[in-house]
Amino acid sequence: MQTYKIRPREAAQEAISSYLKMQRLRPGDRLPSEREMSELWAFNRCTLRSAVSRLERDGVLEVRRNSGIYMAQPKFVRSLQDLKSFTEETQHQGRQGSTRLLALEVVECDKQFSRRFQQILGTPLWRLSRLRSVDGVPVQIETSYLLRDRFPELDHFDLERQSLFAILEEHYHAVPDQGDETISITQANAAEAGLLELADDAPVFRLVSQTLDRSGELLEYCNTVARGDKLVLTSILKRRELQ
């Protein structure tokens, strides 16, 4: 009978994970140094470093240059069923969310947006780009497109501190009601990597969503680039009866 032999890196991962539980470490708590952990569990430095790197990619640990190894903050959870705004979602999870406005400008409908918004070519759109952070860590870049003439004077609002969905509902009586979203995995370009504090060409989620109002009109088209090491996507599965 063939027996499974655990690999050194997997053994090191298990040892670190057990240590986190036994010591009841909390996000932000510092772990022993690589040398100390190597001596504690009799792993060579290469094996331990590989285990730490894997746990860092999984969002369990955070390695800070010239500082040490820390227990990471839990990942930000984004439900694919909800139409909560970023502001609502961070508050719901008890996290500290912040927004940095990258751009708010007027662009013209090209063929793609003309089809999506059912408008003629050249129709003016708002292009709103924002960097979203959770507990001080950049998590995602959202770029939204909305009809300028439907939402005039959008530039008069504080889009770093106010929820876009709340503005649309309260000031323009446009209520987000339903939508769809597609998800893919790609690589961050240089600009995205810089804003998200990632290495060039790091893997990221790319989410493309369309939000409709109660009349079925396209309210917002949004392209989001998100860090896979800081974001968890959840969904509810429900069996459909065959017709």
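Residues numbered from 1 in each chain as written. Predicted model: local features only at pLDDT ≥ 70, side-chain atom pairs only at ≥ 80, totals over all residues. Heavy atoms only, no water.

Draft legend 1. Focus on the sheet that holds strand β4 (residues 97–108). Read from one edge to the other, the open sheet built from six strands follows the order β4-β5-β6-β9-β8-β7, with strand pairing classed as antiparallel. Every other strand in the sheet has two partners, leaving β4 and β7 (176–187) as the edge strands with one partner each. Across the sheet, the mean angle from the axis of one strand to that of its neighbour is 15°, orientation sign disregarded. Sheet topology note: the strand β8 (residues 203–213)/strand β9 (residues 218–227) ladder contains nine bridges and is antiparallel. Bridge pairing links Phe 205 to Ala 226 in β9. (Pairing = 2+ DSSP bridges. Helix = DSSP H or I, 4+ residues; strand = E, 2+ residues; numbered from the N terminus. Axes fitted to C-alpha atoms, helices over the stretch in contact; angles between N-to-C directions.)

Draft legend 2. View of the pattern of salt bridges. Taken as a whole and judged by the stated rule, the model has 12 salt bridges. The partner of Arg 35 in a salt bridge is Glu 39, with the nearest N and O atoms 3.5 Å apart. A residue pair is termed a helical-turn pair when its members lie 3 or 4 positions apart in one helix, as Arg 35 and Glu 39 do in helix α2 (residues 34–41) at four residues. Using a relative accessible area of 56% as the deciding quantity, one classes Glu 39 as exposed. Glu 62 is the partner of Arg 64 in a salt bridge, and the nearest nitrogen-oxygen pair spans 3.5 Å. The exposure class assigned to Arg 64 is partly exposed, which follows from its relative accessible area of 32%. Each of Glu 34, Arg 45 and Arg 49 takes part in one network of salt bridges that share partners. (Salt bridge = Lys/Arg side-chain N within 4 Å of Asp/Glu carboxyl O. Buried < 20%, exposed > 50% of the residue type's maximum accessible area, 1.4 Å probe, protein only.)

Draft legend 3. Molecular detail of the layout of surface pockets. Estimated volume of the largest pocket: approximately 640 Å³. Taken together, 21 residues make up the lining of the largest pocket; nearest its centre are Glu 56, Glu 197, Leu 198, Arg 227 and Asp 229. Those elements that place two or more of their residues in the lining of the largest pocket are α3 (45–57), β1 (61–64), β6 (137–147) and β8. Of the residues belonging to the lining of the largest pocket, the class tally is 11 nonpolar, three polar and seven charged. (1 Å grid on protein atoms, 1.4 Å probe; cavity = no way out; pocket = protein on both sides within 12 Å on 5 of 7 lines; lining within 4 Å. Points joined across faces, edges and corners; volume = space filled by probe spheres on them. Nonpolar A, V, L, I, M, F, W, Y, C, P; charged D, E, K, R; others polar.)

Draft legend 4. Region of interest: the packing of aromatic side chains. Counted under the stated rule, the structure contains seven aromatic pairs. On the numbers, 5.8 Å between centres and 80° between planes, the contact of Tyr 19 with Trp 41 is edge-to-face. Here the residue Tyr 19 occupies a position in helix α1 (residues 8–22), and Trp 41 occupies one in helix α2, the gap between them amounting to 22 residues. Overall, Trp 41 belongs to the partly exposed group, its relative accessible area being 22%. On the numbers, 5.1 Å between centres and 85° between planes, the contact of Phe 151 with Tyr 172 is edge-to-face. Of the two residues, Phe 151 is situated in the loop between β6 and α6 (164–172) and Tyr 172 in helix α6; the sequence distance between them amounts to 21 residues. Aromatic rings pair up to connect Phe 113, Phe 117, Tyr 145 and Tyr 221 into one cluster. Note that Arg 64 overlies the ring of Tyr 70, its terminal NZ or CZ placed 3.9 Å from the centroid. (Phe/Tyr/Trp six-rings, centres within 6.5 Å; stacked < 30°, edge-to-face > 60°. Lys NZ or Arg CZ within 6 Å of the ring centre and 35° of its normal.)

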